[in-house]
Structures are given as C-alpha cells and as structure tokens.
Amino acid sequence: NEKRIEMNLTAQRMMLFENGKELARYVISSGRPDKATKAGNFSVISKYLMGYGAGDGEIWAMPYFIGIYKVGGIENGIHELPFINGRREGAGSLGHAVSHGCVRLNIGEAQKVYNFADIGTPVVIYYGKS
C-alpha cells in the first residue's frame, strides 16, 4: 500500500496518491519568498492534532499539524488554516505563497490529509508547471 503526498509550489497544489493513483487534489498556501517552503524529498516525521509556534510577535495554533522537515530546532509541515493570535487565517490566502514556511490547507481538507498520512509517508515538494 504505497502512499505519497506531492506538492507543486508553482501551482500551489497538493496531491495525495495511493498505489500510483491520485486520490485528491487541494489548493495550498506555501511559504512566502523570504520563508519559502523547501523543495525536495521528505517524509512525515510527526503528527499533532494541534501544533503551536511563535514568531514575528505572533502566536500560531495549527490544527492537524503534520511535520515534514526541520528548520533549525523547529518543524515545518502541513496544517489547516492557522489561528494567529487567536484569529483564524482566512481562506483567501490559499493559492498564494504567504506562510512562514508551512503548507496550509483549507478547513476540513487538512483533517483528510492528516488521516491519510502515516509517519514515514513520502512527501515530494517541487516547482513545476502551474
């Protein structure tokens, strides 16, 4: 049972594959240019129903957090639209590279990806045709 998550940063899309067949495709929001999401081959290293972070004077709560790589001592990953200082980020940010490096998904979609992903599931991130 071969699972794989792919992300095309150019198109701002995530695709879920199982046994070579595409199961789902979602609009994402990846890292803004100065905090770009890293391209490369990674795998799921952690899963938390709620992840927490802070920076730039903000506190983030990130539902359905899936860690995929480390940047220094912190993990970058996939999560639902975050709560920033207690306010939910709007879905209008989806489709645009505006995050601090993580990959954001819409409400409901992140839970589906969270349930799909296992620790060790390959995650392939690349720049491709939009």
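Refer to the structure above for everything that follows.
Cut-offs and rules
Residues numbered from 1 in each chain as written. Predicted model: local features only at pLDDT ≥ 70, side-chain atom pairs only at ≥ 80, totals over all residues. Heavy atoms only, no water. Pairing = 2+ DSSP bridges. Helix = DSSP H or I, 4+ residues; strand = E, 2+ residues; numbered from the N terminus. Axes fitted to C-alpha atoms, helices over the stretch in contact; angles between N-to-C directions. Buried < 20%, exposed > 50% of the residue type's maximum accessible area, 1.4 Å probe, protein only. Polar contact = N/O pair within 3.5 Å; in protein donor to acceptor, adjacent residues only side chain to side chain. Contact = heavy atoms within 4.5 Å. Phe/Tyr/Trp six-rings, centres within 6.5 Å; stacked < 30°, edge-to-face > 60°. Lys NZ or Arg CZ within 6 Å of the ring centre and 35° of its normal. Arc of directions from axis to C-beta.

Novice: Please give an account of the sheet that holds strand E1 (residues 3-8) that cites residues and values.
Specialist: If you trace the five strands from one edge of the open sheet to the other, you get E3-E2-E1-E11-E4, paired in mixed fashion. The open sheet has two free edges, formed respectively by strand E3 (21-27) and strand E4 (40-43), since each of these has just one partner strand. Averaged over all pairs of adjacent strands, the angle between strand axes in this sheet comes to 20°, irrespective of strand direction. As paired strands, strand E2 (residues 13-18) and E3 are joined by six bridges and run antiparallel to one another. Bridge pairing links Met-14 to Tyr-26 in E3.

Novice: Mind laying out the pairing of strand E7 (residues 74-80), listing which residues take part and the relevant values?
Specialist: Within E7, five of the seven residues are buried, leaving the element largely enclosed by the surrounding structure. With five bridges connecting them, strand E6 (residues 58-71) and E7 associate as antiparallel partners. Across the sheet, residue Ile-66 finds its bridge partner in E7, namely Ile-78. Here E6 folds back onto E7 in antiparallel fashion, the turn holding two residues, of which Gly-72 has a positive phi close to 60°. Taken together, the three bridges between E7 and strand E10 (residues 103-105) define a ladder with parallel strand orientation. Residue pairing for E10: Glu-80 is matched across the bridge by Leu-105.

Novice: I'd like a rundown of the side chain of Ser-29, residues and numbers included.
Specialist: Looking at where Ser-29 falls in the secondary structure, it is placed in the loop between E3 and E4. Within the structure, Ser-29 has its side chain in polar contact with the backbone oxygen of His-96 (distance 2.7 Å). Residue contacts for Ser-29: discarding those within four places in its chain leaves Gln-12, Ser-93, Leu-94, Gly-95, His-96, Val-98, Ser-99, Cys-102, Val-103 and Arg-104.

Novice: An account of the packing of aromatic side chains is requested, with residue identities and associated values reported.
Specialist: Within this structure, the stated rule accounts for three aromatic pairs. Between Tyr-48 and Phe-65, the ring centres sit 6.3 Å apart and the planes meet at 40°, which makes this aromatic pair tilted. Of the two residues, Tyr-48 is situated in strand E5 (residues 46-55) and Phe-65 in strand E6; the sequence distance between them amounts to 17 residues. Seen from the ring of Phe-116, Lys-3 lies directly overhead, with NZ or CZ sitting 5.0 Å from the centre. One Lys or Arg, Lys-47, reaches over the ring of Tyr-114 and ends 4.5 Å from the middle of that ring.

Novice: How would you sum up helix H1 (residues 109-116)? Please name residues and give values.
Specialist: Restricting attention to buried positions, one finds in H1 the residues Ala-110, Val-113, Tyr-114 and Phe-116. Down the axis of H1, the sector holding all buried residues measures 165°, keeping them to one side. Among the exposed residues of H1, those oriented more than 90 degrees off its buried face are Lys-112 and Asn-115.

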